[in-house]
Amino acid sequence: MRRRRAEKRDVLPDPKFNSKMVSRFINVLMIQGKRSIAERIMYSTLDIVAKKANSDNALEVLQKAIDNARPLLEIKPRRVGGATYQVPIEVKSDRGTSIAMRWLRDFARDKKGKAMDEKLSNEIIESFKGQGSAVKKREDMHKMAEANKAFAHYRW
């Protein structure tokens, strides 16, 4: 028997920008509970983004970058009588935002040779422009979902 669903906790807005989105991104960046380091990385990233994007509002750039990287469809494996089908399902907006933030973080971490705030700001700006690894991953995921559209009736 399955347990009940975990209730969704609401995050508090961050102190500098008073934004829940920035607070969520800081939580995604954080390793081993080191919040102050994650905050420092995030705030310096937003400063770099504002400088590079020639925008006075780095939050709008961040929001647009996350929107550009957010997947609308994903595929989940479903076993039907011995065969496993890749079933495309729609992604709720909250989960899509979380996935996009994780992708931005992971692709920034995989790059070599620079500080994390520079790598993350480059990834955010590329995503803002509709390019970059996170946007490419979203496009690949959408292509996979489109290719497996025939199995959509196996949704549960």
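Preceding this paragraph is the structure being described.
All of the points below concern the structure found in this document. Keep in mind that what you see is a predicted model, and the values were worked out from it rather than measured.

**Digging into the packing of aromatic side chains**
Scanning the model with the defined rule gives four aromatic pairs in all. For the pair Tyr85 and Phe151, a centre-to-centre distance of 4.8 Å together with 35° between the ring planes defines the contact as tilted. Residue Tyr85 is located in strand S2 (residues 83–90), and its partner Phe151 is located in the segment after helix H6 (132–147); the two are separated by 66 residues in the primary sequence. According to the relative accessible area criterion, Tyr85 is partly exposed, its value standing at 22%. Ring centres of Phe151 and Tyr154 lie 6.5 Å apart, and the angle between their planes is 25°; on these two criteria the pair is classed as stacked. A residue is classified by how much of its surface remains accessible, and Tyr154, at 22% relative accessible area, is partly exposed. Linked through ring pairs, Tyr85, Phe151 and Tyr154 together constitute an aromatic cluster.

**Examining the nonpolar core**
Within the largest apolar cluster, 31 residues are counted, with the highest numbers of intra-cluster contacts made by Val22, Phe25, Met42, Leu62 and Ile66. At the level of secondary structure, the elements contributing two or more residues to this core comprise helix H1 (20–29), helix H2 (35–52), helix H3 (58–69), helix H4 (93–110), helix H5 (116–128) and H6. Ranked by residue count, the leading element in this core is H3, at seven residues. Apart from the residues lying within four places of it in its own chain, the contact partners of Leu62 are Met21, Val22, Phe25, Met42, Leu46 and Ile124.

**Quick look at the pairing of strand S1 (residues 73–80)**
One ladder, built from eight bridges, connects S1 with S2; its direction is antiparallel. For Val80, the partnering residue across the bridge sits in S2 and is Ala83. Connecting the antiparallel pair S1 and S2 is a turn made up of two residues, with Gly81 showing a positive phi of about 50°.

**A closer look at H2**
With 18 residues, H2 extends 25 Å from end C-alpha to end C-alpha; this agrees with the ideal 26 Å at 1.5 Å per step. Residues of H2 that are buried: Ala38, Met42, Tyr43, Thr45, Leu46, Ile48 and Val49. Taken together, the buried residues of H2 touch H1, H3 and H5. Of the residues one or two after H2, Asn54 is the one with positive phi, at around 50°.

**Focus: unusual backbone geometry**
In this structure, Asn18 is a non-glycine residue whose phi angle is positive, near 55°. Given a relative accessible area of 58%, Asn18 falls into the exposed group. One non-glycine residue, Gln32, adopts positive backbone phi at about 55°. With respect to the helices and strands, the residue Gln32 is situated in the loop between H1 and H2.

**As for the pattern of salt bridges**
Close approach of charged atoms allows side chains of opposite charge to pair. A complete count under the given rule lists 12 salt bridges for this structure. Here Asp94 and Lys8 are joined by a salt bridge, their closest N and O atoms 3.7 Å apart. Taken as a pair, Asp94 in helix H4 and Lys8 in the segment before H1 lie far apart in primary sequence, 86 residues in all. Overall, the relative accessible area of 65% leaves Lys8 in the exposed class. The closest approach of N and O atoms between Glu139 and Arg138, which form a salt bridge, is 3.2 Å. The exposure class of Arg138 is buried, given its relative accessible area of 17%. A single salt-bridge network, built from bridges that share partners, covers Lys8, Arg24 and Asp94.

Conventions and cut-offs
- Residues numbered from 1 in each chain as written.
- Predicted model: local features only at pLDDT ≥ 70, side-chain atom pairs only at ≥ 80, totals over all residues.
- Heavy atoms only, no water.
- Phe/Tyr/Trp six-rings, centres within 6.5 Å; stacked < 30°, edge-to-face > 60°.
- Helix = DSSP H or I, 4+ residues; strand = E, 2+ residues; numbered from the N terminus.
- Buried < 20%, exposed > 50% of the residue type's maximum accessible area, 1.4 Å probe, protein only.
- Core = buried A, V, L, I, M, F, W, Y, C linked by side-chain atoms within 4.5 Å.
- Contact = heavy atoms within 4.5 Å.
- Pairing = 2+ DSSP bridges.
- Expected span 1.5 Å × (residues − 1).
- Salt bridge = Lys/Arg side-chain N within 4 Å of Asp/Glu carboxyl O.

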